[in-house]
Amino acid sequence: MSSSSVGSLPQGFIPVMLTPFQETGAVDYPALAQLVDFYLETGAAGLFATCLSSEMYELTEEERLEVTRFVVDQTAGRVPVVATGTFGGPIAQQADFVKRIYKTGIHAVIVITSLIAGEDESDAAFLDRMHQLIDQTDGIPLGFYECPVPYKRLISAEILSELLPTGRLIYHKDTCLDDQEVARRIAAGAGYQFGLYDAYMVNAVSSLRAGAAGLSCIQGNEFPELIVWLCNNFDNPEKQPDIDRVQQFFVDCMELVHTAYPTIAKYTLQKRGLPISLYTRREVGLLTPELQRDMDALVETASELQASLRIETIYAGKLVS
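As the structure is a computational prediction, the values presented were derived from the model and not from experiment.

Caption draft 1: Inspection of the state of the cysteines at higher detail. One pass over the structure, following the stated rule, counts 0 disulfides. Cys-231 forms no disulfide, and the closest cysteine sulfur to it belongs to Cys-217, at a distance of 7.7 Å. Owing to a relative accessible area of 12%, Cys-231 belongs among the buried residues under this scheme. Its sulfur unpaired, Cys-253 is 9.7 Å from the next cysteine sulfur, which belongs to Cys-217. For Cys-253, a relative accessible area of 2% corresponds to the buried category.

Below, the structure is given as structure tokens:
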């Protein structure tokens, strides 16, 4: 399949989605429907379902399919959806699930890089298995996710250069934390329908200016409007002081938003009025009263920043000034 036969994803913010649960531990589909609409109301250009933020490893195989299908149906074609489709095992087994989850209607299937080759295995082994996966998945558009679990396997510009000519790679959720390497990866993707979406908000502006297609970061579950604003304004010289303020906000809050995540993100969405419980299947640590106070203060800071930039805030599905 040539690169021209695979549609690219839109530029902008593609949030890594949460999965709402009932207090019983079951997936809360009514809350998930409102969450999908919330992401879209804040300006998301696409959605990444069934990822680490979604607690994908704590979902059963059937739940992964059901949640992804539900997100696609709720989105109703408004934006494209991508979802993880590789969860370990022999390549033939992973290829089978790639085909199953693609049938839910998603735009591309995302490959967890650390589940293609072990931590002690070479890039050559990774490339060999990726070519096997590509050969066994019937032309399905794919993407990469440098997920930190079970370990972080980075995909260099050189590896991308080996695989991009297949025309099958359209998305890369980048977690290398290195702005120079990001630029090299973006350069490797030039001429292909391929987009790099940085997950590391410390380098958000530098990555966007280097040609990143957008951002796919956990902060989108807490401050999506600011991320959308940054994607829309990063190259506007008249707004440079404001761009610096927003970038610095994300630098300053990096440690807090990663603490007890995704529970802390669910808490933040609760404060906006979304009907999402704090129930989290994944072991992430306690959301202590101190953490709640710190997050409350951070939300207030974000609200003041948004107000100063005249950014509308989404609250419980409605716009407020």
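Caption draft 2: Examining the pattern of salt bridges more closely. Within this structure, the stated rule accounts for 15 salt bridges. Note that Asp-123 is salt-bridged to Arg-153, the shortest N-O span being 3.5 Å. Placement of Asp-123 in helix H4 (residues 123-135) and of Arg-153 in the loop between strand E5 (142-145) and helix H5 (157-163) is noted, with a sequence separation of 30 residues between them. Between Glu-181 and Arg-184 there is a salt bridge whose closest N-O contact spans 2.8 Å. Placement of the pair is Glu-181 and Arg-184 together in helix H6 (residues 179-188), with a separation of 3 residues, close to one helical turn. The class of Glu-181 is buried, set by a relative accessible area of 11%. Via salt bridges that share partners, Glu-146, Asp-174, Glu-181, Arg-184 and Arg-185 belong to a single interconnected network.

Rules of the game
- Residues numbered from 1 in each chain as written.
- Predicted model: local features only at pLDDT ≥ 70, side-chain atom pairs only at ≥ 80, totals over all residues.
- Heavy atoms only, no water.
- Disulfide = S-S within 2.5 Å.
- Buried < 20%, exposed > 50% of the residue type's maximum accessible area, 1.4 Å probe, protein only.
- Salt bridge = Lys/Arg side-chain N within 4 Å of Asp/Glu carboxyl O.
- Helix = DSSP H or I, 4+ residues; strand = E, 2+ residues; numbered from the N terminus.

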